[in-house]
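Listed here are the chains, written in short residue letters.
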Amino acid sequence: FNYGATVILSARNHKKLNEIRNEFDSIIKGHCYVIPFDITRPEEIEKAVEEVRKLVPRIDILINNAGVSQRSYALYTRTDIDRQLFEINFFGTITLTKAILPWMIGNRGGHIVVISSMAGKYGFPMRTAYSASKHALNGFFESLRTELHDQNIRVTILCPGRVNTEISVHSLNGNGRQYGIMDKGQKKGVPVERCARIVRYSIECNKKEVFIGKGEVFLLIVKRIFPPLYYWIVNRVSPT
């Protein structure tokens, strides 16, 4: 917005999106549009992209931020819930990306940003399907970057650890219901404002992959240089 950008906000909650738009309009110069849709419904994605085409001549940056986490052990999680997590976290994201990508290529440039997770770099208790979906995201967009290296399309993968949001509250349990609890670890996570600044910096500097967090980043380093210690720690860490 500070650069006079046109921003399009999308999610399922139309009311919340309008609240955010009104807040932006009151403090920052720029144009902001709200186009709500459900990321798990390809027909809604297609319709939304057509609406966007009527509003702007091109999309320079696509930020894929849709996602839902998990708080349940694999043994007690229904398989349809595993699939639901993949539909939101993986298939919805790549469906939207594929809908926008030809447009970017036609305009000879663009930047695709993906909000993955530290859980996409290593396993963690009570995150089996969530972690798997984020591993899938990393693999897909790492590969996509190589396919687009000569098309002037940049790809940034951001892997946050615990950020102080309500992601745990809205996480799914093994039966598909909301977990409804704010994790202690989540409360102590990286402040949202700091995370947002890192995201912005990463986009501006065209970073390939960025890790955001505290102990989660340390754990990744430990896994890479001394795996036995990593496995000792991860088997004892609290999943909440």
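Residues numbered from 1 in each chain as written. Predicted model: local features only at pLDDT ≥ 70, side-chain atom pairs only at ≥ 80, totals over all residues. Heavy atoms only, no water.

Turning our eyes to something else, we now look at the overall build of the protein chain. Looking only at helices and strands, the protein chain has 8 helices and 6 strands in total. In the protein chain, the succession of α and β elements from N to C terminus is β-α-β-α-β-α-β-α-β-α-α-β-α-α. On C-alpha atoms alone, the protein chain measures out to a radius of gyration of 18 Å, which is about the 18 Å that the 2.2 N^0.38 rule sets for 240 residues. On the principal axes, the C-alpha backbone points of the protein chain span a range of 50 × 40 × 35 Å. A total of about 13500 Å² of accessible surface is found on the protein chain, and carbon and sulfur atoms cover 55% of it. Charged side chains of the protein chain number 34 positive and 22 negative; the gap between the two group centres comes to 7 Å. (Helix = DSSP H or I, 4+ residues; strand = E, 2+ residues; numbered from the N terminus. Rg over C-alpha atoms; globule rule 2.2 N^0.38 Å. Areas by Shrake-Rupley, 256 points an atom, 1.4 Å probe, with all protein chains shown as cover. Lys, Arg positive; Asp, Glu negative; His and termini not counted. Charge placed at Lys NZ, Arg CZ, Asp CG, Glu CD.)

Positive phi, close to 65 degrees, is recorded for arginine 108, a residue that is not glycine. Mapped onto the secondary structure, arginine 108 falls in the loop between α3 (79-106) and β4 (110-115). In this model, methionine 126 sits at a positive phi of 65 degrees, which is unusual for a non-glycine residue. As for its position among the elements, methionine 126 is in the loop between β4 and α4 (128-147).

Helix length check: helix α1 (residues 14-27) (14 residues) gives 21 Å between terminal C-alpha atoms against 20 Å at 1.5 Å per residue, within 8%. Measuring from the side-chain oxygen of the N-cap residue of α1 to the backbone nitrogen of lysine 15 gives 3.2 Å; that N-cap residue is asparagine 13. (Expected span 1.5 Å × (residues − 1). Polar contact = N/O pair within 3.5 Å; in protein donor to acceptor, adjacent residues only side chain to side chain.)

At their nearest, the axes of α3 and α4 sit 8 Å apart, and the two run at 20 degrees to each other. Between α3 and α4, the interaxial angle falls into the category roughly parallel. Crossing geometry of α3 relative to α4 is assigned as right-handed. Between α3 and α4, the residues in contact are Asp82, Leu85, Phe86, Asn89, Phe90, Thr93, Ile94, Thr97, Lys98 and Leu101 and Ala129, Tyr130, Ala132, Ser133, Ala136, Leu137, Phe140, Phe141 and Leu144, respectively. Across the contact of α3 with α4, the residue classes tally to 13 nonpolar, 4 polar and 2 charged. (Axes fitted to C-alpha atoms, helices over the stretch in contact; angles between N-to-C directions. Parallel < 35°, antiparallel > 145°, perpendicular 65-115°, else oblique. Left-handed = near helix turned anticlockwise from the far one by under 90°. Contact = heavy atoms within 4.5 Å. Nonpolar A, V, L, I, M, F, W, Y, C, P; charged D, E, K, R; others polar.)

This part covers the packing of aromatic side chains. Counted by the stated rule, this structure contains 6 aromatic pairs. When the ring of phenylalanine 86 is compared with that of phenylalanine 90, the centres are 6.4 Å apart and the planes differ by 70 degrees; the resulting orientation is edge-to-face. One end of the pair is phenylalanine 86 and the other is phenylalanine 90, both in helix α3 and 4 residues apart, which spans about a single turn. Overall, phenylalanine 90 belongs to the buried group, its relative accessible area being 11%. These aromatic residues form a ring-pair network of at least three members: Phe86, Phe90, Phe91, Phe140 and Phe141. Arginine 53 extends its terminal NZ or CZ atom over the ring of tryptophan 103, reaching a point 4.4 Å from the ring centre. (Phe/Tyr/Trp six-rings, centres within 6.5 Å; stacked < 30°, edge-to-face > 60°. Buried < 20%, exposed > 50% of the residue type's maximum accessible area, 1.4 Å probe, protein only. Lys NZ or Arg CZ within 6 Å of the ring centre and 35° of its normal.)

Before going further, it helps to examine the environment of proline 125. Within the secondary structure layout, proline 125 lies in the loop between β4 and α4. Overall, proline 125 belongs to the partly exposed group, its relative accessible area being 24%. The spatial distance from the C-alpha of proline 125 to the C-alpha of glutamine 70 is 9.8 Å, given a sequence separation of 55 residues. Those residues in contact with proline 125 that lie beyond four places of it in its chain are Val234 and Pro239.

With that settled, consider the pairing of strand β3 (residues 61-64). Residues of β3 alternate between two faces, with Leu62 and Asn64 buried on one and Ile61 and Ile63 left unburied on the opposite face. Bridge count between β3 and β4: 4 bridges; the pairing is parallel. Looking at the pairing, leucine 62 lines up with isoleucine 112 of β4. Crossover β3 to β4 through α3 is right-handed. (Pairing = 2+ DSSP bridges. Right-handed = clockwise from strand over helix to strand, strands pointing away.)

Here we come to the pattern of salt bridges. Applying the stated criterion across every chain yields a total of 10 salt bridges. Arginine 41 serves as the salt-bridge partner of aspartate 38, at 3.7 Å between the closest nitrogen and oxygen. When salt bridges with common partners are traced through the structure, they connect Asp38, Arg41, Glu43 and Glu44 into a single cluster. (Salt bridge = Lys/Arg side-chain N within 4 Å of Asp/Glu carboxyl O.)

Residues Ile221, Ile225, Phe226, Leu229 and Trp232 make up a contiguous nonpolar surface patch of roughly 530 Å² in combined accessible area. Counting residues per element, the ones that place at least two in the nonpolar patch are α7 (215-225) and α8 (227-234). As for its position among the elements, leucine 229 is in helix α8. (Patch = residues over 30% accessible without salt bridge, like charges linked within 9 Å, V, L, I, M, F, W, Y side chains within 5 Å.)

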